[in-house]
Amino acid sequence: MQKIIDAHIHFDLYNEQEQLHIIHSMELQQIEGLISVSEHLDSAKKNLDLAKKIQNIFPAFGYHPEQPLPNDRELTDLLTFIKFHQERMVAIGEVGLPYYSRKENKQLKLDGYVELLEQFIILAKKLQKPIILHAVYEDAPIVCSLLEKHSFKKAHFHWFKGDTKTVQRMIANGYFISITPDVLYEQEIQQLVKIYPLERMMVETDGPWPFNGPFQNEMTHPKMIHQSMKKIAEIKSLPLDSVYETIFQQTKSFYQLP
């Protein structure tokens, strides 16, 4: 095992016992850091508190799109919080478009979510912070267009899934993606790893989201990333050591971690 960084985890959603279990195993498992994304203002506050207590927790602040849009007061409070604590956060996130909510509710309008995401992109550019994106399948081209509109390239599409045309567009624009443990058993993710440049790739768990295959009925733990690394190296036909080093160093650089 070599050093890893979980580039996308909802650490605040684990219970206290689970958090302690992960924290106490980080050194043994060579886990150098966790990018803990936020779902809303309360989530952002929890992640900030965790980051103050634990030096290897790096918080990102945002509003997850798979929920009702915030009202004006909620949005103002969140944006004020982000601006006030900008020095403590490593990115704006998680933000994006509500793909799965629209699958469940065909009447859900996208316009408000697009407007909200554009505000976050403008803010990320102003604060010179990366943006962590929830944008899959047909939503991804919309997000690419917004990023292009504002000439903003420091974008991280987490657990990305989409068509080949969009993948090529993202590669051309230099956007990053991150690979989850389902790379061990999902052909769609394996194909993405095959196509996407290693130099624009990170690894994540999206914990506490659960996984199947060899991880069935297991609590999602950043140590699972080590198995992801082996699979990425296998798919890419590259030495495992170099895959570890490349992904680790570019994650540190992307998020400007110490």
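Naming follows an unreviewed UniProt entry, where the protein appears as TatD family hydrolase of Fervidibacillus albus. Database annotation for the protein, UniProt heading Sequence similarities (unreviewed entry): "Belongs to the metallo-dependent hydrolases superfamily. TatD-type hydrolase family."

What follows is about the pairing of strand β7 (residues 176-179). Residues of β7 alternate between two faces, with Phe176 and Ser178 on one and Ile177 and Ile179 on the opposite face, all of them buried. Here strand β6 (residues 155-158) runs beside β7; their pairing, made up of 3 bridges, is parallel. Of the residues in β7, the one forming a bridge with histidine 156 is phenylalanine 176. The β-α-β motif built from β6, the intervening helix α7 (residues 164-173) and the parallel element β7 has right-handed crossover chirality. Relative to strand β8 (residues 201-203), β7 runs parallel, the two sharing 3 bridges. Note on β8: the bridge partner recorded for isoleucine 177 is methionine 201. Each parallel crossover has a hand, and the one from β7 via helix α8 (residues 187-195) to β8 is right-handed.

Attention now goes to the sheet that holds β7. With respect to topology, 8 strands assemble into an open sheet ordered β1-β2-β3-β4-β5-β6-β7-β8, the strand pairing being parallel. The open sheet is flanked by β1 (4-9) and β8, the only strands paired with a single partner. Looking at each pair of strands side by side, their axes are set apart by 30 degrees on average, direction ignored. By the bridge criterion, 3 bridges tie strand β4 (residues 91-96) to strand β5 (residues 131-134) in an arrangement that is parallel. Pairing of glycine 96 across the sheet is with histidine 134, part of β5.

With that settled, the discussion passes to the packing of aromatic side chains. Evaluation of the coordinates by the stated rule reveals 10 aromatic pairs. Ring geometry for tyrosine 99 versus tyrosine 100: centroids 5.1 Å apart, planes at 90 degrees, classification edge-to-face. Taking the relative accessible area as the measure of exposure, tyrosine 99 reaches 10% and is therefore buried. A relative accessible area of 35% places tyrosine 100 in the partly exposed class. Taken together, the ring pairs connect Tyr99, Tyr100 and Tyr137 into an aromatic cluster.

What counts, and at which threshold
- Residues numbered from 1 in each chain as written.
- Predicted model: local features only at pLDDT ≥ 70, side-chain atom pairs only at ≥ 80, totals over all residues.
- Heavy atoms only, no water.
- UniProt positions renumbered as here; feature names shortened; annotations may be inferred.
- Buried < 20%, exposed > 50% of the residue type's maximum accessible area, 1.4 Å probe, protein only.
- Helix = DSSP H or I, 4+ residues; strand = E, 2+ residues; numbered from the N terminus.
- Pairing = 2+ DSSP bridges.
- Right-handed = clockwise from strand over helix to strand, strands pointing away.
- Axes fitted to C-alpha atoms, helices over the stretch in contact; angles between N-to-C directions.
- Phe/Tyr/Trp six-rings, centres within 6.5 Å; stacked < 30°, edge-to-face > 60°.

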